[in-house]
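# Examining the three-dimensional arrangement
One-letter residues, chain by chain:
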Amino acid sequence: MKKLFGTMDRGGPGWSLVGCDNAGPQPACTFIDRGQGQRLVIFYDAYKLGQPRAVLDLEFISDNPTLATQ
């Protein structure tokens, strides 16, 4: 995971890494902004870490639906 997040900033003052799940068929890391009630889940290919296109998909989840459209 250090290769994936080692050079990235934290995404703003409210965002923090909750953790990563490497056990399933589609590994993912979850970030949360508790103040805004938002989560970001990044799905990645573990074999491509450190290479282009390691991120396969992402999912933005918000307790406030109006934030998802901004």
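Report follows, based on the coordinates. This is a predicted model, so every value here is computed, not measured. (Residues numbered from 1 in each chain as written. Predicted model: local features only at pLDDT ≥ 70, side-chain atom pairs only at ≥ 80, totals over all residues. Heavy atoms only, no water.)

### Here's the deal with the side chain of D33
- Residue placement: D33 occurs in strand β2 (residues 28-33).
- No salt bridge is formed by the buried D33; its nearest oppositely charged neighbour, R34, is found at 8.4 Å.
- Among the polar contacts listed, one links the side chain of D33 to the backbone nitrogen of G35, at a separation of 3.2 Å.
- Residues within four places of D33 in sequence aside, it is in contact with G14, W15 and Q38. (Helix = DSSP H or I, 4+ residues; strand = E, 2+ residues; numbered from the N terminus. Buried < 20%, exposed > 50% of the residue type's maximum accessible area, 1.4 Å probe, protein only. Lys, Arg positive; Asp, Glu negative; His and termini not counted. Salt bridge = Lys/Arg side-chain N within 4 Å of Asp/Glu carboxyl O. Polar contact = N/O pair within 3.5 Å; in protein donor to acceptor, adjacent residues only side chain to side chain. Contact = heavy atoms within 4.5 Å.)

### Observations concerning the nonpolar core
- One finds W15, C29, F31, I42, Y44, L49 and A54 forming the largest nonpolar core, which totals seven residues.
- Elements with a contribution of two residues or more to this core: β2 and β3 (38-44). (Core = buried A, V, L, I, M, F, W, Y, C linked by side-chain atoms within 4.5 Å.)

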